[in-house]
Amino acid sequence: MDMQNLKKNPFSLQIDPAKFEKATDDEKRQQDVMAESTTFFKDGMRRLFHNPLAVMAMIILAILIVVMIVAPMVVPYSYEEIITVEGVRDKAATNLAPFEFSQREQAFMEKYNVSVFPHIMGTDELGRDYFIRVVYGARVSLIVGVFASLMVLLIGTLYGAVSGYAGGKTDMIMMRIVDILYSLPDILIVILLAVVFKQTLDFSNIPIIGKLGTNMVSMFLVFGLLYWVGMARIVRGEILTIKENEYILAAKSVGASPAHIVWSHIIPNCLSVIIIMTAQEIPAAIFTESYLSFIGLGVALPMPSLGSLANAARSGMQSYPWKLVFPAVAIILIVLSFNLIGDAMRDAFDPKLKK
Amino acid sequence: MAEDIKKSEYLVEVKNLKEYFPVKTGFFKTTPLKAVDGVSFNIKPGETLGLVGESGCGKTTVGRTLLHLYKPTGGEFYFDGELVTEKNIHQLRKQMQMVFQDPYSSLDPRMTVEDIIGEPLDVFKLYDSKGDRHDKIMDLMQLVGLNAEHATRYAHEFSGGQRQRIGIARALAVNPRFIICDEPVSALDVSIQAQVINMFEEIQEKLGIAYLFIAHDLLVVHHISNRIAVMYLGKLVEIADADELNNNPIHPYTLSLLSAVPIPDPETARKSQRIILEGDVPSPMHMPSGCPFRTRCRYATEQCAQAMPELTSRGGDHMVACFNR
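These remarks concern the structure in this document. Here the structure is a predicted model, which means the values were calculated and not measured.

Topic: the packing of helix H7 (residues 130-166) of chain A against helix H8 (residues 168-183) of chain A
Residues and elements named next belong to chain A.
Phase 1: Two elements in contact, H7 and H8, have axes separated by 7 Å at closest approach and are oriented at 145°. Contacts between H7 and H8 involve Tyr159, Val162, Ser163, Gly164 and Ala166 on the former and, on the latter, Gly168, Thr170, Asp171, Met174, Met175, Ile177 and Val178.
Phase 2: Within the contact of H7 with H8, the residues separate by chemical class into 7 nonpolar, 4 polar and 1 charged.

Structure below.
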């Protein structure tokens, strides 16, 4: 069609309305294509599970946790029990290599033609099964890590939320306290507090907590008292930006109370930051626990911890290197897995890094 | 007797409203930023008052101060004859609501549409049962033209116009008599603006709600408002019926605003004269003495630097604050 004709007879006039019919409601609905409703959380989880490193770390961690739960049921030795053969202490069963049996055990097996459960990681210098000690040590490390970061989560979030939401002078004073705590040399304070709590606190009368031992509880306290400052800062910073959003103003204008605003608008919106911080806090707590146990301030004997096992293995490092290798590898696996998961969560939930 | 007549005539009466924000200018020194400086206006039930002015002139602050989102520095606000104070504002929020400018940040991204609209209902416990709450929300969604299946979706799944509808439904939830519309259409496309404005008008016709319609687009304001107030640097400079203001603007600032409205017909546009203001808006921290507009006004005289002109009547309801025109 040439231009002249087009000008006289534009396309809009060439269309014959009679040739069209109205879409039925059913047809309209077919056009209404919308993506599956997705929440921020679902979206983040999807991205998290698409990260191969994170999935690998999660699998490793899951295996470790299953071993920690199942091993004490399967392995017939206890972490504080010296190996006995026919009710007699086997004094020769010390410092065995992995899967090695002592002479008495071999004799016992031949005599009754039965098999004795192998010492997967050998035995320690007192003749206790090393595998079960490492498993219990990892349990202690993990419990300390999780509970310590839960304490950090609780104190830090509450403090940060109050400080950030109140703002003004309250915020100023609360944050200066955080600054002071931040400037203290934390390792020194951890050691001092651990010593003080060990001497002064006695939890043995309280149910459940008493079972964990005074040392372990004091460890939670030490972490809770020191490491919440980082969490408080992050949460406060996040809340400062969230509370500038108009939906907070909108909630105020419909008459919502400050508690309602914090609980149903502010906390859900900084939840991802809190989860990520907690995930990153766990390896830090495990590491510090191992470190404290290594220098002898951790959990009380005979309860093992990965750090104290590593310390005990130090003296015989040249003759029995596996005794250092096993707890060290356990620490590495746990800390590395948590770190990788924490990093992957940050990547998955940070909208700024969204592709 | 006089009291009774006054009470029945106006729903909203604002007298000499002031809002100063303290700004740190030195280590120990704070200077007040006069965002709103002595604004007075009245709104009848079911009426729309348009409030126009350029960015930063205090339009939004007026709206937020009325709802006590900012604590007013001075002045009085009577709602239906009742003085609004810190104490009764919570109850009055059942009758006064606000629609926000930015439909993207004014809806919580973690809440479903049902919860967003239901929030005012939750705050004031305006339902008997879960089912009642759901029914009320469905009615509101229908009123603003949203489908029932949208209720479980999140705000980010909607377009700007739909989001603004959600915001309007939230404001309507408590069945208010007065809604402050804080530039509700300026973040939307022109075609969507028309839809949303028509919806505002329909709702007003159905429910008889009074609006304070804040905007910077004179065409939009003229379309929806019964009366228009023009603001400059925290002060009202002119207030008149919408048509009167459009046909017979008096204040030099209103003149320049109207001359900036685009004219769809190129022939007329060529003939019309555009008044271009010189200089910038003075900082509200360092307000000029007397009339705030005198630094950019071509009619300015000595007198303007001496005193602030009062709003005086130029026939009927047409009030202008200017010495020279």
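Looking at the sheet that holds strand E8 (residues 210-214) of chain B
All names here are of chain B.
Phase 1: If you trace the 8 strands from one edge of the open sheet to the other, you get E6-E7-E8-E3-E9-E10-E12-E11, paired in mixed fashion. Since the sheet does not close on itself, it has two edges, and those belong to strand E6 (96-99) and strand E11 (312-313), each with one partner.
Phase 2: Where strand E3 (residues 48-52) lies against strand E9 (residues 227-232), 4 bridges are found, and the strand directions are parallel. Residue pairing for E9: Gly50 is matched across the bridge by Ile228.
Phase 3: On the sheet, helix H7 (residues 190-207) packs against E3, E6, strand E7 (178-182) and E8 and is oriented at approximately 160° with respect to E8.

Here we look at unusual backbone geometry
All names here are of chain B.
Phase 1: Phi is positive for Asp80, close to 55°, though the residue is something other than glycine.
Phase 2: Tracing the backbone through its elements, the reader meets Asp80 in the loop between strand E4 (74-79) and strand E5 (82-83).
Phase 3: Owing to a relative accessible area of 26%, Asp80 belongs among the partly exposed residues under this scheme.

Focus: the packing of H7(A) against helix H15 (residues 322-349) of chain A
All names here are of chain A.
Phase 1: Where H7 meets H15, the axes come as close as 10 Å, and the angle between the chain directions of the two elements is 30°. As far as their axial angle goes, H15 and H7 are roughly parallel. As H7 packs across H15, the resulting crossing turns out to be right-handed. Note on element contacts: H15 touches H7 through Lys323, Phe326, Pro327, Ala330, Ile334 and Phe338, opposite Tyr130, Val134, Ala138 and Leu142.
Phase 2: Residue composition of the contact of H7 with H15, grouped by class: 9 nonpolar, no polar and 1 charged.

Thoughts on a nonpolar patch on the surface
Residues and elements named next belong to chain A.
Phase 1: A contiguous nonpolar patch, built from Ile65, Val66, Ile69, Val70, Met73 and Val74 and spanning about 530 Å² of accessible area, is present on the exposed surface.
Phase 2: Take Val66: it is sitting in helix H5 (residues 52-74).
Phase 3: Accessibility expressed as a relative area gives 49% for Val66, which makes it partly exposed.

A closer look at helix H4 (residues 113-124) of chain B
Phase 1: For H4(B), a buried count of 9 out of 12 residues is recorded, marking the element as mostly surrounded by other parts of the structure.
Phase 2: Within H4(B), the full set of buried residues consists of B:Val113, B:Glu114, B:Ile116, B:Ile117, B:Gly118, B:Glu119, B:Pro120, B:Leu121 and B:Phe124.
Phase 3: Buried-residue contacts for H4(B) involve helix H12 (246-253) and helix H13 (258-294) of chain A together with helix H3 (89-92), helix H5 (130-143) and helix H6 (160-172) of chain B.
Phase 4: Immediately beyond the C-terminal end of H4(B), within one or two residues, lies B:Lys125, with a positive phi of roughly 50°.

Some words on the pairing of E6(B)
Residue and element names in this part refer to chain B.
Phase 1: What you see with E6 is no split at all: Met96 and Met98 on one side and Gln97 and Val99 on the other are buried throughout.
Phase 2: Two strands pair when backbone bridges link them, and E6 and E7 are joined in this way by 4 bridges, in the parallel orientation. Looking at E7, one finds that Met96 is bridged to Phe178.

Focus: helix H10 (residues 252-259) of chain B
Residue and element names in this part refer to chain B.
Phase 1: In terms of burial, H10 is largely enclosed, as 7 of its 8 residues are buried.
Phase 2: Turning to H10, its buried residues number three or more, namely Pro252, Tyr253, Thr254, Leu255, Ser256, Leu258 and Ser259.
Phase 3: If you follow the buried residues of H10, they end up packed against helix H8 (218-224), E9, strand E10 (235-241) and helix H9 (242-247).

Considerations on the packing of aromatic side chains
Phase 1: Under the definition given, this model contains 9 aromatic pairs over all chains.
Phase 2: Arranged with centres 6.3 Å apart and planes meeting at 35°, the rings of B:Phe79 and B:Phe178 form a pair that is tilted. With B:Phe79 in strand E4 and B:Phe178 in strand E7, this residue pair connects regions lying 99 residues apart in the sequence. Like B:Phe178, B:Phe79 is buried.
Phase 3: With centroids separated by 5.3 Å and ring planes inclined at 90°, the aromatic side chains of B:Phe200 and B:Tyr211 adopt a geometry described as edge-to-face. Taken together, the residues span a long stretch of sequence, with B:Phe200 in helix H7 and B:Tyr211 in strand E8 at a distance of 11 residues.
Phase 4: By relative accessible area, B:Phe200 is classed as buried at 1%.
Phase 5: Assessed through its relative accessible area of 1%, B:Tyr211 is described here as buried.
Phase 6: Clustering of aromatic rings is evident, with ring pairs tying together B:Phe200, B:Tyr211 and B:Phe213.
Phase 7: The cationic tip of A:Arg139 hangs over the ring face of A:Tyr136; the distance from NZ or CZ to the ring centre is 5.1 Å.

What counts, and where the lines are drawn
- Residues numbered from 1 in each chain as written.
- Chains lettered and ligands numbered in written order.
- Predicted model: local features only at pLDDT ≥ 70, side-chain atom pairs only at ≥ 80, totals over all residues.
- Heavy atoms only, no water.
- Axes fitted to C-alpha atoms, helices over the stretch in contact; angles between N-to-C directions.
- Helix = DSSP H or I, 4+ residues; strand = E, 2+ residues; numbered from the N terminus.
- Contact = heavy atoms within 4.5 Å.
- Nonpolar A, V, L, I, M, F, W, Y, C, P; charged D, E, K, R; others polar.
- Pairing = 2+ DSSP bridges.
- Buried < 20%, exposed > 50% of the residue type's maximum accessible area, 1.4 Å probe, protein only.
- Parallel < 35°, antiparallel > 145°, perpendicular 65-115°, else oblique.
- Left-handed = near helix turned anticlockwise from the far one by under 90°.
- Patch = residues over 30% accessible without salt bridge, like charges linked within 9 Å, V, L, I, M, F, W, Y side chains within 5 Å.
- Areas by Shrake-Rupley, 256 points an atom, 1.4 Å probe, with all protein chains shown as cover.
- Salt bridge = Lys/Arg side-chain N within 4 Å of Asp/Glu carboxyl O.
- Phe/Tyr/Trp six-rings, centres within 6.5 Å; stacked < 30°, edge-to-face > 60°.
- Lys NZ or Arg CZ within 6 Å of the ring centre and 35° of its normal.

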